[in-house]
Amino acid sequence: MSLNQRSLWHQTHTQQDTLSASPARLELVPERTSDLELYTADMLRRTQAELHWYRSLYEHTPAIYLSVNAAGIILSINQFGANLLGYKPEELIKTSVFNLLELSDRQRLSETFIELFSAVYPNHSIKAEYRLHCPDSKITQVKTTLKILPDGEYPEKSPVILMVCEEVSQATNQTAKQVQLAEMESLTHLKEEFLSTVSHELRTPLTNMKMAIQMLGIALQPEHFVQEMAKPPAERSKAARYFAILDNECEREINLINNFLDLQRLDSNAQPWVLETIQVQQWLRRVVELFHARNRGICKQKIHLRIAPHLPPLVCDPFSLERIFIELLTNACKFSPPEAEITVAVALNCQNMQFQVINAGVEIPSSELPHIFDKFYRIPSNDPWKQGGTGLGLALVQKLIKQLEGTIEVDSRSNRTCFMVQLPLQRQV
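Residues numbered from 1 in each chain as written. Predicted model: local features only at pLDDT ≥ 70, side-chain atom pairs only at ≥ 80, totals over all residues. Heavy atoms only, no water.

I would appreciate a short explanation of the overall build of the protein in the present structure.
Within the protein one finds 10 helices and 12 strands. Entry remark: accessible area of the protein is about 27,400 Å², with carbon and sulfur atoms responsible for 56%. (Helix = DSSP H or I, 4+ residues; strand = E, 2+ residues; numbered from the N terminus. Areas by Shrake-Rupley, 256 points an atom, 1.4 Å probe, with all protein chains shown as cover.)

Structure representation (structure tokens):
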């Protein structure tokens, strides 16, 4: 075979081999493409089914899922949560989450946002409870957990806050209130025990001090000392002035502690009652005479009695009634000018016994009248004679009168003040 013939034969066979091989390659390519498309389509269906499952789970989970931006604008909310709040999801999107809360809780939520953005740790979350302001809502209060979503997990340029809210049921609220009430009662009991113990511990040394002061007065030259004490304060000797200060201040502290303990007993309803039938005419004269005898140091006024005739007997606790008059008379003496008149009047008013303690020369401002029965309250600049006081006397009077089922009123005008007490003639045991 010549060279030309061999070359021609080689080309012919090469082309035939190429043509015969080509169909085998063309058959393999479409078979691989079909498998890839089927795999991709199957994966897409699986992913879509999974996304649908998670979406359904998100929409119907029994809680309120909110995502909001830093300004509080709602970006998304699940279907169940929107229905629970009484809205459709599209009604809440792009509205402020603050509008869903009571006015008093909106500021708290704003402060929570600030705290959340100021947190050091990126996964920091905050729990809080808020009251809702949604007219058609099925719930009134929610327990909320707030957390900032990590960067890149939401298609927003600004940070996104996830809020998960759960219903606080009425039963839970009631239980929480009961627990809170029990804690408050326990704290009140501990406070009362502490104050009672402290008061008793204070009263013992003060009683000893009072006795020592009285013994000191006896030990000093009796006749000379009595003469010194009878003089006006500015003319007394130093020893007499110091003795008067010790005696008055010790008596003042004892009265403070006694009043405080009495108030504690009244608040805890531990005050014992002894009901007796009182003949008011004789009883009131005796109380005023005893008061004047025991309080010559502070009572420089003239006390007048005005008793209506033929008064019926009064069923009452005489110890409590005497305490009421002692406090009212002490108050009148402290805040009346020397040599002024104090009138104690009693008369029958329907089925009540009406008592009045009237002092002239002083007037209580009308703006102060609602507060004079508050504990430890003292009227500013209403003590021109610097008598001092604890602010417990009138509070004790009001408590005692209330327990005696009576009332007390105050009228102060035209440089005159009148405390009027009304007590029922008969009181149930």
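Let us keep going from here.
Teacher, can you tell me more about the pairing of strand β10 (residues 352-360) here?
Each regular strand displays side chains that alternate between the two surfaces of the sheet. Counting buried positions along β10 yields 7 of 9 residues, so the element is predominantly enclosed. What sits between the antiparallel neighbours strand β9 (residues 341-349) and β10 is a turn of 2 residues, in which Cys350 has the positive phi angle 60°. Here 9 bridges tie β10 to strand β12 (residues 416-424), and the two strands are oriented antiparallel to one another. Residue pairing for β12: Ile358 is matched across the bridge by Cys418. (Buried < 20%, exposed > 50% of the residue type's maximum accessible area, 1.4 Å probe, protein only. Pairing = 2+ DSSP bridges.)

Is there a simple way to explain the sheet that holds strand β11 (residues 407-413) in this structure?
Sheet strands pair by backbone hydrogen bonding; their relative direction is either parallel or antiparallel. What the 5 strands build is an open sheet, ordered β7-β9-β10-β12-β11; its pairing is mixed. Each edge of the sheet is formed by a strand with only one pairing partner; in this case those strands are β7 (302-307) and β11. With direction set aside, neighbouring strand axes in the sheet form an average angle of 15°. Relative to β12, β11 runs antiparallel, the two sharing 7 bridges. (Axes fitted to C-alpha atoms, helices over the stretch in contact; angles between N-to-C directions.)

Explain the packing of helix α9 (residues 318-334) against helix α10 (residues 393-403) here, please?
Any two packed helices are characterised by the angle at which their axes cross and by the distance between the axes. Interhelical geometry of α9 versus α10 gives an angle of 150° and a closest axis separation of 9 Å. The orientation of α9 with respect to α10, classified from their angle, is roughly antiparallel. Seen along the crossing, α9 lies across α10 with a hand that is left-handed. Residues Ser320, Arg323, Ile324, Glu327, Leu328 and Asn331 of α9 form the contact with α10, whose participating residues are Gly393, Leu394, Leu396, Val397, Leu400 and Ile401. When the residues that make up the contact of α9 with α10 are grouped by side-chain class, the tally is 7 nonpolar, 3 polar and 2 charged. (Parallel < 35°, antiparallel > 145°, perpendicular 65-115°, else oblique. Left-handed = near helix turned anticlockwise from the far one by under 90°. Contact = heavy atoms within 4.5 Å. Nonpolar A, V, L, I, M, F, W, Y, C, P; charged D, E, K, R; others polar.)

Honestly, the sheet that holds strand β3 (residues 125-131) in this entry has me stumped. Any pointers?
A sheet is described by the order of its strands in space; here 5 strands give the open sequence β2-β1-β5-β4-β3, paired in antiparallel fashion. Of all the strands in the sheet, just β2 (74-77) and β3 have a single pairing partner and so form its edges. In this sheet, neighbouring strand axes are inclined to one another by 25° on average, regardless of whether the strands run parallel or antiparallel. Both strand β1 (residues 64-69) and strand β5 (residues 160-167) contribute to a ladder of 6 bridges, which runs antiparallel. What sits directly across from Ile64, in β5, is Cys165. Contacts from helix α4 (residues 103-117) reach β1, β3, β4 (141-148) and β5, with the element oriented near 175° to β3.

Help me understand unusual backbone geometry in this model?
If a residue is not glycine, its phi is most likely negative; likewise, a peptide bond is most likely trans. Notably, Lys94 is not glycine yet its phi reads approximately 70°, a positive angle. With respect to the secondary-structure elements, Lys94 resides in the loop between α3 (89-92) and α4. Phi at Asn415 takes a positive value of approximately 60°, unusual for a residue other than glycine. Tracing the backbone shows Asn415 in the loop between β11 and β12.

I'm lost on the side chain of Ser67 in this one. Help?
Take Ser67: it is sitting in strand β1. Residue Ser67 is classed as buried on the basis of its relative accessible area, which comes to 4%. A distance of 2.4 Å separates a polar atom in the side chain of Ser67 from a polar atom in the side chain of Ser76. (Polar contact = N/O pair within 3.5 Å; in protein donor to acceptor, adjacent residues only side chain to side chain.)

Teacher, can you tell me more about the packing of aromatic side chains here?
The geometry of an aromatic ring pair comes down to the distance between the two centres and the angle between the two planes. Overall, the coordinates contain 4 aromatic pairs when judged by the stated rule. Where Trp283 meets Phe325, the ring centres are 5.9 Å apart and the plane angle is 70°; that geometry is what we call edge-to-face. One end of the pair, Trp283, is in helix α8 (residues 280-294); the other, Phe325, is in helix α9, and 42 residues separate them in sequence. Grouping residues by exposure puts Trp283 and Phe325 together as buried. (Phe/Tyr/Trp six-rings, centres within 6.5 Å; stacked < 30°, edge-to-face > 60°.)

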